[in-house]
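# Summary of the model geometry
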Amino acid sequence: MISERWAVTALRVFLIALFAILVMLETFSLPGQYAYMAQQNPEQAYLRWPSTIVTVFWVVCVQVVIVATWKLLTLVRKDLIFTDAAIRWVDVMVWAIAAAWVVLVGVFLWIGFNADDPGVLVLFFLFTTGVSVIGLVLVVMRALLKRATELRADMEAVI
């Protein structure tokens, strides 16, 4: 069985790698890809900047979740996970996912009214459903963390 210490260390390594990849994606790849697409398809060039802004926003939301996860791992390592500080970081994650979901629903609706290919619509429905599930699971986990934090505080008061 992998110990908690090794799991936290491994997760931190992968979070650093993911964050670095996302920084490269938002600074080089996404703007370059949308510029290329606008150049190749001039009649849809008006979508270049809105598409770039929306996708970079989603990447930033993921980065916020990564930073909050890092902070939660720090609290785990210090054995402070059942504190109000942990709940605040989970709240940050919930709000980042909620913001990404709102924009995703907006894009999904826009595509729904303008798409002539049902494949793109189904793909965005899948994304919207996936982000909804992740957000709702996080809300449930937050409620469990809050309950566990209250129980721990009660136990410490008794002891």
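I will try to describe carefully the structure that is included in this document. What you are looking at is a predicted structure, and each value in this text was computed from that prediction instead of being measured.

Secondary structure summary: the protein chain contains 4 helices and 0 strands in total. In the protein chain, the succession of α and β elements from N to C terminus is α-α-α-α. Radius of gyration (C-alpha) of the protein chain: 20 Å, far over the 15 Å computed for a compact globule of 159 residues. If you line up the protein chain on its principal axes, its C-alpha atoms span 70 × 30 × 25 Å. Out of the 159 residues belonging to the protein chain, those deemed buried represent 25%. A separation threshold of at least 6 residues defines the contact pool for the protein chain, and within that pool the share at least 24 residues apart is 72%. Carbon and sulfur atoms provide 74% of the accessible area of the protein chain, an area that totals close to 10900 Å².

Take the layout of surface pockets next. Approximately 750 Å³ is the volume attributed to the largest pocket. Lining the largest pocket are 23 residues, with Gln-44, Leu-47, Ser-51, Trp-110 and Ile-111 positioned closest to its centre. For the lining of the largest pocket, the secondary structure elements donating two or more residues are helix H1 (4-40), helix H2 (48-77), helix H3 (84-114) and helix H4 (118-158). Sort the elements by how many residues they give to the lining of the largest pocket and H2 lands first, with 6 residues. Of the residues contributing to the lining of the largest pocket, the split by class is 15 nonpolar, 5 polar and 3 charged.

Another aspect to go through is the side chain of Thr-128. Secondary-structure assignment places Thr-128 in helix H4. Engagement of the side chain of Thr-128 in a polar contact is seen with the backbone oxygen of Phe-124, the distance being 2.7 Å. Those residues in contact with Thr-128 that sit more than four places away from it in its chain are Trp-101, Leu-104, Val-105 and Phe-108.

A separate point is the side chain of Thr-149. One can find Thr-149 in helix H4. When sequence neighbours within four positions are dropped, the list of residues in contact with Thr-149 reads Phe-82, Thr-83, Asp-84 and Ile-87.

Thresholds, definitions, all that
Residues numbered from 1 in each chain as written. Predicted model: local features only at pLDDT ≥ 70, side-chain atom pairs only at ≥ 80, totals over all residues. Heavy atoms only, no water. Helix = DSSP H or I, 4+ residues; strand = E, 2+ residues; numbered from the N terminus. Rg over C-alpha atoms; globule rule 2.2 N^0.38 Å. Buried < 20%, exposed > 50% of the residue type's maximum accessible area, 1.4 Å probe, protein only. Contact = heavy atoms within 4.5 Å. Areas by Shrake-Rupley, 256 points an atom, 1.4 Å probe, with all protein chains shown as cover. 1 Å grid on protein atoms, 1.4 Å probe; cavity = no way out; pocket = protein on both sides within 12 Å on 5 of 7 lines; lining within 4 Å. Points joined across faces, edges and corners; volume = space filled by probe spheres on them. Nonpolar A, V, L, I, M, F, W, Y, C, P; charged D, E, K, R; others polar. Polar contact = N/O pair within 3.5 Å; in protein donor to acceptor, adjacent residues only side chain to side chain.

Just distances and angles here, no functional claims.
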